[in-house]
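Descriptive structure summary
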Amino acid sequence: MGVDPVQYWTGKEVVKKELKNLFAFENRHIAPPKVPLLCYFENDVDELANYRGDLLEYDWESYTELINSLVRLRYNAIQIFDMLGRPEFFIRPEYKELTDYQVDVAYVEKMIDYAQKKGMKVAIDFALGYQIHPMSADKATCWKDYKEDWITAWRYYLEKTPLRKTDIFILRPRHQVWDWEYKSSCGEDKIAVFDEVYKSFGDLVDEYKPEADKVLVCYSDGMEMWNDGFRPAKDWIVAWSDHGFGDFEHLPNTTDGYNFGTYMHAGYWLNHTVHNPYPEKVESVMKDMFSTYSADKFCLVNGQNFRPFLLNIEAYSEVCNNPESFDAHSFYKNWTERYFNEVSAKHAITSMKSLHEAQKNRIGYVQHLWEIREAISYLSDSPIQRPGKSPVAHDYKRVANDLEHVKVTEELIDLSVQEAEKGLKEITENEIFFHDYVYLPVVLYQDLIGFERTLHEMAVLKRSLKRHLMISF
């Protein structure tokens, strides 16, 4: 029909069809997708949740349009996470200063109902820190003393909250309030702990929702635990986690006969503001995971605040639907030409590839914000203040470590901006979307890197003057 699946977010207008066009189709067999459960993860959505209306909560239009777009992109599940009231929202000072946060439980249920009405399964990570029914963090570090509190909290979720409507139950073998490694305060072995945890939680799921899916997300140290022998019951799907930018730091030493899947990032918190386009990586990494580990039973895709990461979100959909036909070069060409003329599309691709090259080694927009703090710390002879952590002393060595790679980044971003400018000059349609999606992100990045490079020049000058003064005296 020629309707853009993400039309709400791109502004691409539908070309009016004549009545005869509605019947100009051929019968065809549509094969089932390679990955039967393709799940979108609503995580780190601060910007989208602050777009309009109440802070840290989706406005209804944005949420429903997100669901509508995901369904059109063949996502058939969504993991609701932030909207359950993540601990940061009501505990950390920075959020408390922003708003007096209170999760709206009725609204959460309305969100779940809408997704399910649209044919999506709802996935929930049954962590115990959500404001929807929080457990204190001191009970999350000793399973043997507080196991009944954990189980009682899970039962409350399943009996008294909208989480009773969960279709896919997710659990990570980590701290159950904060997203960090489980370190027992009472001398436990964490693998032994989570052998029991997954047995207890699995029994609860079987009691309340025996037809539901269960997914072990091996995130961070969870992968090390798997390779060290952690094994839940065989009816858990094991989702192996990327390192945040689409490929893996660790790989399983065995699948051990389990159904395997993946947890991938279309966007990551270190590039939360500016996307990192990598269809080539999506193709190579996902095809390898499918062929080497048969990791095709489930895919969880983290899209951050959604709109900046549309390209990668759709790339994961395409490769999970039919990896045999997915080709990154063709995908890039088809995706850009869906919105722009051929000349502008070529410049858009070149610009986005340069933007990707500028974000090597897990260094994205947010990482540069930290590097800027390092430079300012040195220039002002003051420590870096960190929420909830001890300050970091100022040190020129921290600045020196950043000098070379930021210089390379600046060169790549300048190339990216040049290509985006060329494409913008040649644009004949969807100019606003080209400006917002291709041009604006790289200009934002260029401004940030330019500021950081200026600080570096000042830091180098300060260092040389200090040395000169020391030699003089």
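Above this note sits the structure.
Description of the structure in this document.

**What about the overall build of the chain?**
Along its length, the chain carries 16 helices and 10 strands. Over its C-alpha atoms the chain spans a radius of gyration of 24 Å, differing by no more than 12% from the 23 Å that the globule rule assigns to 473 residues. The principal-axis extent of the C-alpha atoms belonging to the chain is close to 75 × 75 × 45 Å. Within the chain, the proportion of its 473 residues that are buried is 53%. The contacts in the chain between residues at least 6 apart in sequence include a share of 75% that link residues at least 24 apart. With the model as given, the accessible surface of the chain reaches about 21900 Å², and the carbon-plus-sulfur share is 51%. Taking the average place of the 55 positive charges on the side chains of the chain and the average place of its 76 negative ones, the gap between the two points comes to 1 Å.

**Comments concerning the sheet that holds strand 2 (residues 77-80)**
Strand order around the closed barrel formed by eight strands is 1-2-3-4-5-6-7-8, with parallel pairing between neighbours. With strand direction ignored, the average angle separating the axes of adjacent strands in the sheet is 25°. Here strand 7 (residues 260-265) pairs with strand 8 (residues 299-302) via four bridges, running parallel. Opposite Y263, over in strand 8, you have L300 as the bridge partner. Against the sheet, helix 10 (residues 279-293) makes contact with strand 6 (236-241), strand 7 and strand 8, and its axis sits at roughly 165° relative to strand 7, the strand it touches most.

**Some points on the pairing of strand 7**
Among the six residues of strand 7, six are classified as buried, and the element is accordingly described as predominantly covered. Judged by which residues are buried, strand 7 turns out to be covered on both faces: F260, T262 and M264 on one side and G261, Y263 and H265 on the other are all buried. Where strand 6 and strand 7 come together, four bridges link them in parallel fashion. Its bridge partner being in strand 7, S241 is matched across the sheet by Y263. At this point the chain moves from strand 7, through helix 10, to the parallel strand 8, and the crossover so formed is right-handed.

**Regarding unusual backbone geometry**
Even without a glycine there, the phi angle at S220 is positive, about 55°. As for its placement among the helices and strands, S220 is situated in the loop between strand 5 (213-218) and helix 9 (221-227). A relative accessible area of 37% places S220 in the partly exposed class. The phi dihedral of Q304 falls on the positive side, at around 50°, and the residue is not glycine. Mapped onto the secondary structure, Q304 falls in the loop between strand 8 and helix 11 (310-321). You can call Q304 buried: its relative accessible area is 1%.

**Remarks on the environment of Y51**
With respect to the helices, strands and loops of the structure, Y51 is situated in the loop between helix 2 (46-49) and helix 3 (60-72). Distance in space between the C-alpha atoms of Y51 and D138 is 34 Å, their sequence separation being 87 residues.

**Structural notes on the state of the cysteines**
A covalent bond between the sulfur atoms of two cysteines is referred to as a disulfide. A complete count under the given rule lists one disulfide for this structure. Linked covalently through their sulfurs, C142 and C186 form a disulfide whose S-S length is 2.0 Å. Note on the C142 and C186 pair: the S-S dihedral is about 110°, so by sign convention the disulfide is right-handed. With C142 in the loop between strand 3 (121-125) and helix 7 (143-160) and C186 in the loop between strand 4 (168-171) and helix 8 (190-208), the pair connects residues that are 44 residues apart, well separated along the chain.

**Things to note about the environment of L37**
With respect to the helices, strands and loops of the structure, L37 is situated in the loop between helix 1 (7-10) and strand 1 (38-42). Taking C-alpha positions, L37 is 9.2 Å from C320, a pair spaced 283 residues apart along the chain. Ignoring sequence-local partners within four residues, the contact set of L37 consists of N76, K121, I168, D213, I237, K297, F298 and C299.

**Quick word on helix 6 (residues 105-117)**
Because each turn of an α-helix spans 3.6 residues, side chains separated by three or four positions in sequence point in the same direction. In this model, helix 6 (13 residues) spans 18 Å end to end at C-alpha, consistent with the 18 Å of a helix rising 1.5 Å per residue. Residues Y107, V108, M111, I112, Y114 and A115 constitute the buried set of helix 6. For helix 6, the buried positions fall inside an angular range of 160° around the axis, keeping them on one side. Of the residues in helix 6, the exposed ones pointing more than 90 degrees away from the buried face are A106 and K117. At its buried positions, helix 6 is contacted by helix 3, strand 2 and strand 3. At the N-terminal end of helix 6, a side-chain oxygen is found 3.3 Å from the backbone nitrogen of A106, two or three residues along, and the residue is D104. Count one or two residues on from helix 6 and you reach G119, which has phi positive near 90°.

**Details of the nonpolar core**
The nonpolar side chains of a soluble globular protein tend to be buried with one another. Membership of the largest hydrophobic core comes to 151 residues, with the highest contact counts inside it found for Y75, F126, W154 and F298. Of all the elements, helix 16 (residues 431-472) adds the most residues to this core, at 12 residues. Filtering out sequence-adjacent residues up to four positions away, F298 remains in contact with V35, L37, C39, I168, I170, V215, I237, A239, F260, G261 and T262.

Procedures and definitions
Residues numbered from 1 in each chain as written. Predicted model: local features only at pLDDT ≥ 70, side-chain atom pairs only at ≥ 80, totals over all residues. Heavy atoms only, no water. Helix = DSSP H or I, 4+ residues; strand = E, 2+ residues; numbered from the N terminus. Rg over C-alpha atoms; globule rule 2.2 N^0.38 Å. Buried < 20%, exposed > 50% of the residue type's maximum accessible area, 1.4 Å probe, protein only. Contact = heavy atoms within 4.5 Å. Areas by Shrake-Rupley, 256 points an atom, 1.4 Å probe, with all protein chains shown as cover. Lys, Arg positive; Asp, Glu negative; His and termini not counted. Charge placed at Lys NZ, Arg CZ, Asp CG, Glu CD. Pairing = 2+ DSSP bridges. Axes fitted to C-alpha atoms, helices over the stretch in contact; angles between N-to-C directions. Right-handed = clockwise from strand over helix to strand, strands pointing away. Disulfide = S-S within 2.5 Å. Expected span 1.5 Å × (residues − 1). Arc of directions from axis to C-beta. Polar contact = N/O pair within 3.5 Å; in protein donor to acceptor, adjacent residues only side chain to side chain. Core = buried A, V, L, I, M, F, W, Y, C linked by side-chain atoms within 4.5 Å.

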